[in-house]
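# Overview (structure and organization)
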Amino acid sequence: QVQLAESGGGLVQAGGSVRLSCVASGRTLSSYRLGWFRQAPGKEREFVAQISWSGGSTYYADSVKGRFTISRDDAKSTVYLQMNSLKPEDTAVYYCAARAPLANTYGYWGQGTQVTVSS
């Protein structure tokens, strides 16, 4: 079983930066695709970014492309989301997720961390 725990959220001014971390426990995630999602108040959860098992391929939602960077450190069982040039519309609970090899969905989720961007 995989457990994921996010950290690094908080209150930041528009234009600022925040780095989220997500530490995995239970098993190694070196073969898993990892992703970040977010859910704003009153809205459905949406995809933010993902990184392949090798770290060689990343993909971003259009709304964060050029501002956010996803990375992974398998030695630390950690995935990161560096968020720059933050906007008030980035305010949300951010979740990390893991997708097992051959799985067609993300099956493991963290509890989420709140990011609030003030204008």
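See the structure shown above.
In what follows, the accompanying structure is described. (Residues numbered from 1 in each chain as written. Predicted model: local features only at pLDDT ≥ 70, side-chain atom pairs only at ≥ 80, totals over all residues. Heavy atoms only, no water.)

The subject of this paragraph is the pattern of salt bridges. Across all of its chains, the model carries 5 salt bridges by this definition. Put simply, Arg38 and Asp90 hold a salt bridge, and the shortest N to O gap is 2.9 Å. Placement of Arg38 in strand 4 (residues 33–39) and of Asp90 in the loop between strand 8 (78–83) and strand 9 (92–99) is noted, with a sequence separation of 52 residues between them. This pair shows no difference in class: Arg38 is buried, exactly as Asp90 is. The structure contains a network of salt bridges with shared partners spanning Arg38, Glu46, Arg67 and Asp90. (Salt bridge = Lys/Arg side-chain N within 4 Å of Asp/Glu carboxyl O. Helix = DSSP H or I, 4+ residues; strand = E, 2+ residues; numbered from the N terminus. Buried < 20%, exposed > 50% of the residue type's maximum accessible area, 1.4 Å probe, protein only.)

We now examine the nonpolar core. Counting residues in each nonpolar core, the largest one holds 30 residues, and the members touching the most others are Trp36, Leu81, Met83 and Tyr94. Those elements that place two or more of their residues in this core are strand 3 (18–25), strand 4, strand 5 (46–51), strand 7 (68–73), strand 8, strand 9 and strand 11 (113–118). Among all residues touching Leu81, those that are not within four sequence positions of it are Val18, Arg19, Leu20, Trp36, Val48, Ala49, Phe68, Thr69, Ile70 and Tyr94. (Core = buried A, V, L, I, M, F, W, Y, C linked by side-chain atoms within 4.5 Å. Contact = heavy atoms within 4.5 Å.)

All told, the structure shown has 6 aromatic pairs when counted by the stated rule. One aromatic cluster in this structure is built from Phe37, Phe47, Tyr59, Tyr106 and Trp109. Over the ring of Tyr95 we find Arg45, and its NZ or CZ is 6.0 Å from the ring centre. A cation sits over an aromatic face here: Arg45 above Trp109, 3.7 Å from the ring centre. (Phe/Tyr/Trp six-rings, centres within 6.5 Å; stacked < 30°, edge-to-face > 60°. Lys NZ or Arg CZ within 6 Å of the ring centre and 35° of its normal.)

Here we take up the pairing of strand 9. Strand 9 sits mainly inside the fold: 7 of its 8 residues count as buried. Inspection of the sheet shows strand 9 paired to strand 11 by 3 bridges, in the antiparallel sense. Paired with Tyr94 across the bridge in strand 11 is Thr113. In this sheet, strand 10 (residues 108–109) lies alongside strand 9 in antiparallel orientation, the contact comprising 2 bridges. Bridge assignment links Ala98 to a residue of strand 10, and that residue is Tyr108. (Pairing = 2+ DSSP bridges.)

Time to look at the state of the cysteines. Scanning the entire structure with this criterion turns up 1 disulfide. A sulfur-sulfur distance of 1.9 Å marks the disulfide that ties Cys22 to Cys96. Taking the torsion about the S-S bond as the criterion, the Cys22 to Cys96 disulfide, at about 40 degrees, is right-handed. Here Cys96 lies in strand 9 and Cys22 lies in strand 3, a separation of 74 residues in the sequence. For Cys22, a relative accessible area of 3% translates into the label buried. Judged by its relative accessible area of 0%, Cys96 is buried. (Disulfide = S-S within 2.5 Å.)

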